Structures are given as structure tokens and as C-alpha cells.
Amino acid sequence: MKWEGNRESDNVEDRRADGGGFGGGGIGGLLGGRSIGIGTIVVALLGGWIFGINPLTLLSMLSGGGAPTAQVQQQTPAQRPPADDRMARFVATVLADTEDVWKEVFTKGGATYQEPRLVLFRGATQTACGQGQAAMGPFYCPGDQKVYIDLGFYETLTKRLGAPGDFAQAYVIAHEVGHHVQNLLGISGKMDQMRGRVSKAEYNALSVRLELQADCFAGLWAQKAQTSRQILEQGDVEEAMNAAAKIGDDALQRGSGGAVVPESFTHGTSAQRQRWFDTGLKTGSVKACDTFSARNL
């Protein structure tokens with residue numbers, strides 16, 4: 001992936017020298033916050049159809065409609081990563097690229113993109129959604145509009161999950177930023193209102209649609225970044241597709257030695273995650289990422 005020399009985001013907050021903290025609420029991660037007992041996944045999706053709303057209405061702001069107003073908390077100045085930290089520079093560069101892409105998409109839809117902050121931490125950290133832990137993998141908290149990542153996850157991605165490569169790492173960030181976009185659209189807020197009103201199986205099924213849309217948004221980012229800045233090198237797409245396959249619910253359950261239980265899926269199968277990332281990559285279209293009205297995921 002061609003990233004060196006490109007703009008780095010100012011929205012990276014380095015907490016790696018801090019201790020872990022505690023809070024309240026729930027968190028959803030790339031690999032599933034549910035696995036460590038954090039509780040209900042705040043960012044799990046409630047498709048528009050459950051409210052009797054056309055799912056595309058939720059995306060109307062990107063074709064000229066108005067965007068919901070997101071709650072923005074007061075931000076304190078971020079502790080910047082060291083200038084000689086290559087991995088932190090990579091993360092900051094990918095984040096900047098997502099900012100450029102989504103700013104353009106929102107602007108064309110007549111809305112303003114509110115940039116998320118990305119927090120680097122080690123082990124555990126306090127969030128507006130509760131205590132975030134490295135074991136969750138990267139995650140997004142809608143309560144403070146921040147993406148959280150322990151960079152040790154990239155070693156796990158490479159060595160334990162078998163998904164190496166810098167573009168696989170970029171896909172992870174773009175997926176979490178996709179959750180931020182969903183938050184700005186008001187989707188995660190609607191889900192939060194409906195907790196406890198649907199069965200666990202229904203909730204899981206809705207969560208799958210959220211995660212697959214975030215995968216599609218990651219592909220959309222890649223398509224638009226490539227068109228504007230030619231960031232892709234040979235093998236990059238294959239890296240992302242491999243990563244999507246390795247973190248499918250079926251692959252993770254199989255890899256842990258347990259039975260594959262479709263009713264427990266919250267992120268989608270390997271094939272589904274690949275399919276929706278590829279959809280975003282090929283179309284570069286938000287509407288093409290409407291997983292909510294798709295009959296076949």
C-alpha cells in the first residue's frame with residue numbers, strides 16, 4: 001500500500017503510556033465485544049425496516065437529504081504519537097485518508113462529515129462505552145465518537161489469524177470508521193433505543209447487517225482512495241479479502257475448536273464479509289452498501 005509521505009491525521013490520541021480505566025455502557029469490536037462480557041453491542045445495527053422505515057431513507061442525506069445531528073462531546077487536546085513511530089504514522093495516514101474520502105462523500109450529499117478520533121492504547125482503556133480491552137480487537141464507541149485500537153492486534157492478525165499485510169491493517173481501520181459513519185447516520189442510536197425489544201437471535205441478525213455494511217463502507221473507502229490517490233499496490237486487495245475471510249464468524253468459531261453456530265453470528269460469515277467489502281470496492285456507492293434491504297447477504 002502506498003501511504004508514506006501522505007497526510008497524517010491530527011485526530012490520533014496516544015494513550016499507550018496510560019493505565020486502563022473503567023466506564024459504563026457497551027462496546028462493539030471487529031471481532032465482537034460480546035466475547036468478553038462487555039454486554040449489549042451498542043453499535044449493532046437496527047435496520048430501518050424494523051421501524052417501518054425504508055432503509056434507503058437512512059442514507060438519504062448522502063443523496064441530498066439532511067443528516068441527523070450527532071452528539072459531539074468536548075474534545076481535549078490529543079497526546080500525539082512519537083514522530084518516529086512508524087506504525088502510529090501508518091495508522092494516522094490511513095485515518096487521514098478515510099477523513100478525505102468521507103468528507104467528500106458527505107459534502108456531495110449536502111452534509112458535513114464529523115471526523116472521529118482514533119485512540120492508541122495498550123491492554124485496556126476507559127471509553128464512554130465502558131472499559132475497552134485489547135482482547136476485543138479494534139472497536140468503535142459511538143458515545144465519544146472514537147475508534148480504539150491496541151496495535152498489538154496487528155500481530156494477532158498476522159500471526160494467529162493468518163492475515164498479514166499493510167492493506168489488511170488499513171481495512172481494519174476503515175471498517176471501524178464505517179461504524180462511525182453509521183453513527184452519524186443515526187442508525188446506532190436507533191438500535192440503542194430498541195435494546196431488549198427484540199430477541200437475541202433477531203438482535204444478532206441485525207448486528208450482522210451492521211457489520212457487513214461497515215465492511216462495504218471499507219471497500220467504498222478503498223475504491224475512492226484509489227481513484228483519487230492511487231494507494232493500491234499489487235496484492236493489496238487480496239490482503240483485505242483474506243483478512244475479511246479470517247475474521248468471519250464461522251472461521252473464528254471453527255478456529256477456536258468449537259462448533260459453528262449460525263444463530264450466534266453477529267459479524268457475518270467469511271464469504272459474506274468478503275462479498276460486501278468487494279461490493280463497496282467495485283461500486284464506491286453508499287446505496288450499494290444497503291445491507292438492510294438485501295435478501296441475500
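The structure presented is a predicted model; accordingly, all values stated were derived computationally and were not measured.

(A) Broad picture of the overall build of the protein. For the protein, the helix and strand inventory stands at 8 helices and 7 strands. Residues counted as buried form 55% of the 297 residues belonging to the protein. Excluding contacts between residues fewer than 6 apart, the proportion of contacts in the protein whose partners are at least 24 apart in sequence is 79%. As displayed, the protein offers around 12300 Å² of accessible surface, 48% of which is attributable to carbon and sulfur atoms.

(B) Region of the structure containing the confidence of the model for the protein. Mean pLDDT over the protein stands at 80; residues scoring 70 or higher make up 79%. Scored below 50 in pLDDT, residues 21–28 makes 35 contacts in the model with residues more than four places away or belonging to other chains. Every residue in residues 33–74 scores below 50 in pLDDT, and together they form 107 contacts with partners more than four places removed in sequence or on other chains.

(C) Spatial organisation of the nonpolar core. Counting residues in hydrophobic clusters, the biggest one holds 62 residues, and the most contacted among them are Met1, Trp102, Tyr154, Phe167, Tyr171 and Trp221. Leave out the neighbours within four places in its chain, and Met1 touches Phe90, Val94, Asp166, Phe167, Ala170, Trp221, Ile231, Glu233 and Asp236. Core analysis: the second largest hydrophobic core is formed by 7 residues, Phe121, Cys129, Cys141 and Tyr148 among them.

(D) Representation of the pairing of strand 3 (residues 117–120) within the structure. Alternating positions in strand 3 separate into two faces, Arg117 and Val119 on one and Leu118 and Leu120 on the other, with burial throughout. Pairing geometry for strand 1 (residues 12–14) and strand 3, over 3 bridges, is parallel. Directly across from Glu13, in strand 3, lies its bridge partner Val119. Sheet topology note: the strand 3/strand 7 (residues 146–149) ladder contains 4 bridges and is parallel. Following the sheet pairing, Leu120 is matched in strand 7 by Ile149.

(E) Highlighting the pattern of salt bridges. Enumeration according to the criterion identifies 14 salt bridges in this entry. Two residues, Arg16 and Asp14, come together in a salt bridge whose shortest N-O distance is 2.8 Å. Here Arg16 and Asp14 have matching classes, each one buried. Asp85 serves as the salt-bridge partner of Arg16, at 2.8 Å between the closest nitrogen and oxygen. Remark: Asp85 occurs in the loop between strand 2 (28–29) and helix 1 (86–108) and Arg16 occurs in the loop between strand 1 and strand 2; sequence separation between them is 69 residues.

(F) Examining helix 6 (residues 236–246) more closely. Looking at helix 6, one finds that the buried residues are Asp236, Ala240, Ala243, Ala244 and Ala245. Buried positions along helix 6 lie against helix 3 (166–184), helix 7 (249–255) and helix 8 (270–283).

(G) Local environment of the state of the cysteines. The tally for this structure, following the rule as stated, stands at 2 disulfides. Covalent S-S linkage joins Cys129 and Cys141, the inter-sulfur distance amounting to 2.0 Å. For the disulfide bridge between Cys129 and Cys141, the dihedral angle about the S-S bond is near 90°, and by the sign convention the bridge is right-handed. Of the two residues, Cys129 sits in the loop between strand 4 (124–127) and strand 5 (130–133) while Cys141 sits in strand 6 (residues 139–141), which places them 12 residues apart along the sequence. The disulfide that involves Cys216 links it to Cys289, with 2.0 Å between the sulfurs. Here the disulfide of Cys216 and Cys289 is left-handed, its torsion about the S-S bond being about -75°. Of the two residues, Cys216 is situated in helix 5 (residues 200–229) and Cys289 in the segment after helix 8; the sequence distance between them amounts to 73 residues. Accessibility assignment for this pair places Cys216 and Cys289 in one class, buried. If one numbers only the bonded cysteines of the protein, in the order they occur, the disulfide pattern is 1-2, 3-4.

Definitions and limits used
Residues numbered from 1 in each chain as written. Predicted model: local features only at pLDDT ≥ 70, side-chain atom pairs only at ≥ 80, totals over all residues. Heavy atoms only, no water. Helix = DSSP H or I, 4+ residues; strand = E, 2+ residues; numbered from the N terminus. Buried < 20%, exposed > 50% of the residue type's maximum accessible area, 1.4 Å probe, protein only. Contact = heavy atoms within 4.5 Å. Areas by Shrake-Rupley, 256 points an atom, 1.4 Å probe, with all protein chains shown as cover. pLDDT = per-residue confidence, 0-100. Core = buried A, V, L, I, M, F, W, Y, C linked by side-chain atoms within 4.5 Å. Pairing = 2+ DSSP bridges. Salt bridge = Lys/Arg side-chain N within 4 Å of Asp/Glu carboxyl O. Disulfide = S-S within 2.5 Å.

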